[in-house]
Amino acid sequence: MGDVVKYLSDAGTRAALWSMLLDHVWLSLLPLVISVVLAVVLGLVCHRYRRLNGFVVGLSNVVYTIPSLALFAIIPAVIGTQVLNPVNVVLALTIYTTALLVRPVVEALNAVPAHVTAAATAMGFRPWRRFLTVELPLSVPVLAAGVRVGSVSNISLVSVGALIGTGGLGTLFTDGFRQRYLAPIAIGIVLTLALALVVDLLLVGLRNLVTPWARAGRA
Amino acid sequence: MIEFRGVTKRFDDGTIAVNGLDLVVEAGTITVFVGPSGCGKTTSLRMVNRMIDPTSGTVLVDGRDVLTVDPPKLRLGIGYVIQQAGLFPHRTVLDNVATVPLLSGWSKGRARTRAAELLELVGLPAELGRRYPVQLSGGQQQRVGVARALAADPPVLLMDEPFSAVDPVVREGLQDELLRLQAELDKTIVFVTHDIDEAVRIGEKVAVFREGGVLAQYAPPAELLARPADDFVAGFVGKDRGYRSLSFVDAAGVEVRPVETADEPGGDGRWRLVVDADRRPQGWRAPDGSTVPGGSLYESGGPVRGALDAALSSPSGLGVVVDAEGRLAGVVEARQVLDVIESRRG
């Protein structure tokens, strides 16, 4: 504990921690946002063309089993970026999170009651409008559960990126490990957990904001 | 007016859902499609708004072949009510009702005003408009479904087993409500049900379908009950059709005579009617002095079925007749009612 206080007493260290935290936030949340969009598009395709369903969900399972470190290392070779380029981490996490989210999106869309979509069609909705204003809003509760898992998974995976030198709170682990110094490791763990918790609370708040109807029945 | 001309629907798996249907639904009437499951009644209904397209033949709405109209445009002019109402769970009741006006390009304010009018029309309190469908009873949801279908004032209304998921008492209330609305709105309504009682109760004409998508009979309900076209229709309309057909016989000529009430002095050893201060029947005072619940009440002017049922269900054998306000008008005897029915035969 004394170590932690001493470590934090240095203004330069505190500034470095802030910058790591901010790096961590955007490195984990940008892929999340991109993934939600991609997963909704892929999910919609699977929902419309059911034959693709098995293929896409199977592929996403396989992708999700690729070790993260391997993916971080391979991507620069594949897309020709520098090893330290943050694009590598963003791309890798986008791939993971999309793989994670496709299945819940497909399931959420399939779970929209058939009589509700039939009623929408029969009232004169065109397919796109029906998707955006009926099916997508109704799949938010299931989608939100997936996004929460994805956010936690991303926040923890960004740390792994530190092994190949991209920023974020993971740097605290690699530094602490190299110097046999526990304080940065402890602070890294606390900040990572705190970040995950705050983001999760924000996501729950956002979900509740857009789905007041989901809790109406219990009032 | 809706017209089916030689309409056949064969599904990809080879089953024939509708087979050579020729039928005209007159404008401003309620026409009921009834039949066992798999008889093609719902398929026929759904060919009107192009939820399903026919394999061959033509469906015309107001003389226009529906296949020549862009489906979403066609559907904006055709109200649609389904079982379980199909309300949007994520929209308030008011926004559900405002759906079609908004799709048709109305302003939000105008659509909501119209939606509020419709809630009132279907007998729902305005404050329900702010709730979500899940907070409503099944019967209320169905009313919202009807309001939503009527919102843009479409000339045609398609109803696919709209009341089959609610309990019988609520269902009867909804049927009455539909008849009341129809008297006011004069829509062309096609109503699908598997319940023959519902069909004869609300239909001005009833189309009975049999398996294989063949129209077995198309007639007003009284004719259906009195003269079923074949054994299938006779079997489908059921064992009680003789009795049920009395719903279509008016009771003119049935003698309504006065009855002793329990508050009058004397009359020991006879059945006397118990009435409250407003002369509403409350039951019968039996000859032994005990009070027993009464039978069904017959509202004066209704069909002869109600008069006969009142007499048959009464412990005294005297059917109690009431006026529109529920006050005692007199009694009828089953024998007299039967005489009137017999005399109508000749």
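Given the structure is predicted, the values throughout are model-derived calculations rather than measurements. (Residues numbered from 1 in each chain as written. Chains lettered and ligands numbered in written order. Predicted model: local features only at pLDDT ≥ 70, side-chain atom pairs only at ≥ 80, totals over all residues.)

Comments concerning the overall build of chain A
- Each helix and strand counted, chain A has nine helices and zero strands in total.
- Secondary structure elements of chain A occur, N-terminal to C-terminal, as α-α-α-α-α-α-α-α-α.
- Taken across its 219 residues, chain A has 37% of its residues classed as buried.
- Look at the contacts in chain A between residues 6 or more apart in sequence, and 73% of them connect residues 24 or more apart. (Helix = DSSP H or I, 4+ residues; strand = E, 2+ residues; numbered from the N terminus. Buried ≥ 20, exposed ≤ 12 C-beta atoms within 10 Å, placed from the backbone. Contact = placed C-beta atoms within 7 Å.)

Some words on the domain arrangement of chain B
- Segmenting chain B into domains produces domain 1 (2-247) and domain 2 (272-345).
- One C-alpha centre belongs to domain 1 of chain B, the other to domain 2 of chain B; they are set 36 Å apart. (Domains from an automatic or database assignment.)

Let's talk about the interface of chain B and chain A
- Between chain B and chain A, the residue contacts involve 18 residues of the former and 16 residues of the latter.
- The set of elements that each furnish at least two residues to the side of chain B that touches chain A consists of α2 (71-76), β6 (78-82) and α4 (99-103) of chain B.
- The class makeup of the residues in the side of chain B that touches chain A is eleven nonpolar, six polar and one charged. (Nonpolar A, V, L, I, M, F, W, Y, C, P; charged D, E, K, R; others polar.)

Focus: helix α1 (residues 41-48) of chain B
Residues and elements named next belong to chain B.
- Across the eight residues of α1, eight count as buried, placing the element largely inside the fold.
- Taken together, the buried positions of α1 are occupied by K41, T42, T43, S44, L45, R46, M47 and V48.
- The first or second residue beyond α1 is R50, which carries a positive phi of 60°.

Examining the sheet that holds strand β11 (residues 272-275) of chain B
Residues and elements named next belong to chain B.
- Read from one edge of the open sheet, three strands run β11-β12-β13, paired in antiparallel fashion. At either end of the open sheet lies a strand with only one pairing partner, and these are β11 and β13 (291-292).
- The pairing of β11 with strand β12 (residues 281-285) spans four bridges and is antiparallel. Bridge assignment links L273 to a residue of β12, and that residue is W284. (Pairing = 2+ DSSP bridges.)

Description of the confidence of the model for chain B
- Residues with a pLDDT of 70 or more make up 99% of chain B, whose mean pLDDT is 90.
- Reported confidence for the predicted complex is 0.80 by ipTM and 0.79 by pTM. (pLDDT = per-residue confidence, 0-100.)

Details of the pairing of strand β15 (residues 318-322) of chain B
Residue and element names in this part refer to chain B.
- In terms of residue burial, β15 counts as a mostly covered element, since four of its five residues are buried.
- Bridge count for strand β14 (residues 297-299) against β15 is three bridges, and the pairing is parallel. If you follow Y298 over to β15, its bridge partner there is V321.
- Remark: the β14/helix α12 (residues 304-313)/β15 crossover connection has right-handed handedness.
- Pairing geometry for β15 and strand β16 (residues 328-333), over five bridges, is antiparallel. When the bridges of β16 are listed, V321 appears paired with G330. (Right-handed = clockwise from strand over helix to strand, strands pointing away.)

Quick word on the packing of helix α2 (residues 11-48) of chain A against helix α3 (residues 50-65) of chain A
All names here are of chain A.
- It is at 6 Å that the axes of α2 and α3 come closest, and there the two elements cross at 140°. The angle between the axes of α2 and α3 places the two elements in the oblique class. Of α3, the residues touching α2 (which contributes L42, V45 and C46) are L52, N53 and V56. (Axes fitted to C-alpha atoms, helices over the stretch in contact; angles between N-to-C directions. Parallel < 35°, antiparallel > 145°, perpendicular 65-115°, else oblique.)

Some thoughts on unusual backbone geometry
All names here are of chain B.
- Even without being glycine, R50 reaches a positive phi, approximately 60°.
- Its location among the elements puts R50 in the loop between α1 and β4 (56-61).
- Taking the number of C-beta atoms within 10 Å as the measure of exposure, R50 has 21 and is therefore buried.
- Even without a glycine there, the phi angle at D153 is positive, about 55°.
- In this fold, D153 is placed in the loop between α6 (138-150) and β7 (156-160).

As for the pairing of β12 of chain B
- Taken together, β11 of chain B and the strand that follows it, β12 of chain B, pair antiparallel across an intervening segment of five residues, in which R279 of chain B is found at a positive phi of about 60°.
- Where β12 of chain B hands over to β13 of chain B, the hairpin turn is made up of five residues, of which G289 of chain B adopts a positive phi near 95°.

Thoughts on the environment of P31 of chain A
Residue and element names in this part refer to chain A.
- Residue placement: P31 occurs in helix α2.
- Sequence spacing of P31 and Q179 is 148 residues, and the spatial spacing of their C-alpha atoms is 31 Å.
- Those residues in contact with P31 that lie beyond four places of it in its chain are V90, L93, T94, T97 and N154.

What to know about the environment of E120 of chain B
All names here are of chain B.
- Of note, E120 is situated in helix α5 (residues 108-121).
- Exposure remark for E120: the 13 C-beta atoms within 10 Å place this residue in the partly exposed category.
- As for E120 and D70, which are separated by 50 residues in sequence, their C-alpha atoms are 32 Å apart.

Side note on the environment of V105 of chain A
Residues and elements named next belong to chain A.
- With respect to the helices and strands, the residue V105 is situated in helix α5 (residues 86-111).
- Here V105 falls in the buried class, since 26 other C-beta atoms lie within 10 Å of it.
- In this structure the C-alpha to C-alpha distance between V105 and V36, which are 69 residues apart in sequence, comes to 9.1 Å.
- When neighbours within four sequence positions are excluded, V105 is seen to be in contact with A39, V40, G43, S139 and L143.

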